[in-house]
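# Notes for the structure review
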Amino acid sequence: MVTLLSRGFSLILILAVSLTAQETRGRVQGDVRDPSGAVVAGANVTLTNDNTGVNAVKSTNETGHYLFDMVEPGHYSVNVAAAGFKAFVQKNILVEVGGDVTISAAIQVGNSTDTVTVEASPVSVEFNTSTMSHNVDMRMADSLPVISRNPFMLVALDPAVVVRSTTQQEPFHFWAANQFDVGGSTYDANDVILDGSPNMTVAKAGYSPPQDAVQQTSVQQNAVDAEYGHSAGGIISVTTKPGTNDFHGSAYYMNRNPVMNAMADRTTLTANLTRQNTYGGTIGGPIRKNKLFTFFAYENIHLANPYGSRIETLPTDAERTGDFSKQLNTQGNLAVIYDPWTTQTNGSTVTRTPFAGNVIPASRIDPSAATVISALWKPNNPGDGVTGTNNSKNSLYDIYPYYNFMDRVDYNISDKLKFFARYSYLHTTETTSDYTGTGSTLRYFQGSVRNALSGSGDLVWMINPTTVFDVHTSYTSIQDSFDSPSTYLGSAGLAKLWPNNWYASYAATSPQIYYPNVNITQGGGSVFGSSITTYWQQTPQTPAVAAKVSKNIGRHYVRVGGEFRDEMVDAVRPIFPGVYTFDARDRKSVV
């Protein structure tokens, strides 16, 4: 009975949460009055998008009020016309993400062919919502150095936002867009929105558009409106640019190179070794003026970050054959190798006999060990001190080749029907540089595949002057998985390492097969292969659909709707084929 009650309560919670749908478009509303202050009913109000020329027309109701809902962010003009009055035009109206702009007109008696035009931008005051929000217009952001090229990071310009990440903020790091505290401890618990669609795959964000394709970034600190859910209070939203009636485009290139980089730390004269090439462009314009528009963006980044140094101790040519006759210990004496097969036990004492000449006979070298040794690369320096340890010293880079593209289409089907759709994709592969120069599959490595796919569509239908219906659908998926094709060992490699095929059941279910982790603790210590013992395969996806009806009743506004999200997680954590540790006890005289 407890289980049934728990499931039923969970279902109720799910249904309750699903009755929310985020609206990132804005509203423009106001009153029309004559010189005496009396309301003017039946005045024609036209809202015009300055960039696309698309118009929407409403009439003031019996209270002299008008309202345009679901207005795409951008720059607009309002024109008010009524019989017996001069026309009134308010220009330079900026509608922001989730904004609610009030434009009230005091029209003057006169000829309707005369026009009173207000050029000054109206003061942006939110009269109709209690939500605290901050919007970043990209015209300002374009002049700021945003090295991550991640538009979601622009919410850090809000003083109420605390950035919890210090590195890995690029678009292909899917945690980055949700690692903010927004007016409190909301880290990893915000809702991330793209063009009004959920852009989340559980706690990770999904697709991040190129920065030059973004029209506006917004953060809402206390999203208390009933339509906002799926968060602990922080709503982070990005809106992409639509096409306009004129063709516009951009192109850019950025280069970071150690030769030109400033020092990372002038107190230690530490150089900044990061290498980065970033280029991209945008193009947008009309397919059919005043009707159909498109906007396309592309970005490519090749980033190489220093991953630290690899200091390892490798066998010399003689030691590869079993000859340790020149191997010295820290006291400068011969580092004696003892034969484990000569182990003798006398009470609590266990002793062994050294190999003759400190040479391991070829017949005694295990075939699996010989296979591992053949995969090792050669030292690149004599080593440290008399022991010759640390005779391989290299620098390692973490490399991210990345590309990103998106295309958005807006269609003004009629004065009552509008539609937009967007398709976006980014692709990234993380690799570590082959510091050995040999392509060895036993080298230290990290790697991943980080791809994101996003698509959305939205249809707005103005049923009558006071009723608007909107339906929105979207799909978001990411692939965030460990992957390093250049270091695959494969089943054939395991067969060379272990001919007895004991690993067959492991290989049959493992999507990737790498070298076992080899950890040598003696002589300075060296770790070969990846430093992790398990890896991850994550391909979450989130289809969603939302619908709502908005109704203007006198001076009241009612909105009813619901949203359904299906957060599907496909994730496994396979285990590497073992960790093999070798220490000094394996060759001591007494154990």
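It should be noted that the structure appears before, not after, this text.
Read on for a plain summary of the structure. None of the values given here were measured: they were computed from a predicted structure.

How each quantity is defined
- Residues numbered from 1 in each chain as written.
- Predicted model: local features only at pLDDT ≥ 70, side-chain atom pairs only at ≥ 80, totals over all residues.
- Heavy atoms only, no water.
- Helix = DSSP H or I, 4+ residues; strand = E, 2+ residues; numbered from the N terminus.
- Rg over C-alpha atoms; globule rule 2.2 N^0.38 Å.
- Buried < 20%, exposed > 50% of the residue type's maximum accessible area, 1.4 Å probe, protein only.
- Contact = heavy atoms within 4.5 Å.
- Areas by Shrake-Rupley, 256 points an atom, 1.4 Å probe, with all protein chains shown as cover.
- Lys, Arg positive; Asp, Glu negative; His and termini not counted.
- Charge placed at Lys NZ, Arg CZ, Asp CG, Glu CD.
- Pairing = 2+ DSSP bridges.
- Salt bridge = Lys/Arg side-chain N within 4 Å of Asp/Glu carboxyl O.
- Phe/Tyr/Trp six-rings, centres within 6.5 Å; stacked < 30°, edge-to-face > 60°.
- Axes fitted to C-alpha atoms, helices over the stretch in contact; angles between N-to-C directions.
- Core = buried A, V, L, I, M, F, W, Y, C linked by side-chain atoms within 4.5 Å.

## A few points about the overall build of the chain
- Of regular secondary structure, the chain possesses 6 helices and 34 strands.
- What you see for the chain is a C-alpha radius of gyration of 33 Å, clearly larger than the 25 Å of a compact globule of 591 residues, by over 25%.
- A buried classification covers 46% of the 591 residues belonging to the chain.
- A fraction of 69% describes how many contacts in the chain between residues 6 or more apart in sequence connect residues 24 or more apart.
- Carbon and sulfur atoms provide 58% of the accessible area of the chain, an area that totals close to 27,700 Å².
- Taken together, the 41 basic and 49 acidic charged side chains of the chain have centroids lying 4 Å from each other.

## Overview of the pairing of strand E13 (residues 191–194)
- Neither face of E13 is left uncovered, since the one carrying Asp191 and Ile193 and the one carrying Val192 and Leu194 both have all their residues buried.
- As paired strands, E13 and strand E18 (residues 235–240) are joined by 4 bridges and run parallel to one another. Paired with Val192 across the bridge in E18 is Ile236.
- With 2 bridges connecting them, E13 and strand E14 (residues 197–198) associate as antiparallel partners. Of the residues in E14, the one forming a bridge with Leu194 is Ser197.

## Side note on the side chain of Gln179
- On the secondary structure map, Gln179 appears in the loop between strand E11 (161–163) and strand E12 (180–182).
- Apart from the residues within four sequence positions on either side, Gln179 is in contact with Val162, Val163, Arg164, Ser165, Tyr187 and Asp188.

## Let's talk about the pattern of salt bridges
- With the rule as written, the count across this model stands at 21 salt bridges.
- Linking Glu312 and Arg310 is a salt bridge whose minimum nitrogen-to-oxygen distance equals 3.2 Å. Judged on exposure class, the residue Glu312 and its partner Arg310 are both buried.
- What you see here is one network of salt bridges that share partners, running through Glu72, Asp195, Arg408, Asp410 and Arg422.

## Observations regarding the packing of aromatic side chains
- Going through the model one piece at a time under the given rule, you end up with 19 aromatic pairs.
- Aromatic pair Phe172 and Tyr400: ring centres 4.9 Å apart, planes at 20 degrees, arrangement stacked. Residue Phe172 is located in the loop between E11 and E12, and its partner Tyr400 is located in strand E24 (residues 392–412); the two are separated by 228 residues in the primary sequence. We note that Phe172, like Tyr400, is buried.
- Seen from their ring centres, Phe405 and Tyr425 are 6.2 Å apart, and the 50 degrees between their planes marks the pair as tilted. With Phe405 in strand E24 and Tyr425 in strand E25 (residues 417–432), the pair connects residues that are 20 residues apart, well separated along the chain.
- A connected cluster of aromatic rings, assembled from ring pairs, spans Phe445, Phe482, Tyr488, Tyr514, Tyr535 and Trp536.

## Remarks on the sheet that holds strand E2 (residues 44–49)
- The strand order across the open sheet built from 5 strands is E3-E2-E5-E6-E9, with neighbouring strands paired in mixed fashion. The open sheet has two edge strands with one neighbour each: strand E3 (55–59) and strand E9 (115–118). On average, each strand axis in the sheet is tilted by 20 degrees relative to the strand beside it, whichever way the strands run.
- Where strand E5 (residues 74–81) and strand E6 (residues 87–95) come together, 6 bridges link them in antiparallel fashion. Each bridged residue has a counterpart across the sheet, and for Tyr76 the counterpart in E6 is Ile93.

## Describing the nonpolar core
- Judged by nonpolar contacts, the single largest core of 34 residues is most densely connected at Phe180 and Leu426.
- Of all the secondary structure elements, the ones that give two or more residues to this core are E12, E13, strand E17 (214–220), E18, strand E21 (292–312) and E24.
- Per element, the largest residue contribution to this core is 4 residues, and it comes from E21.
- Beyond its immediate chain neighbours, meaning those up to four positions away, Leu426 contacts Pro171, Phe172, Phe174, Tyr207, Ser208, Tyr402, Tyr403, Asn404, Arg450, Asn451 and Ala452.
- Core analysis: the second largest hydrophobic core is formed by 25 residues, Trp377, Leu489, Leu494 and Phe528 among them.

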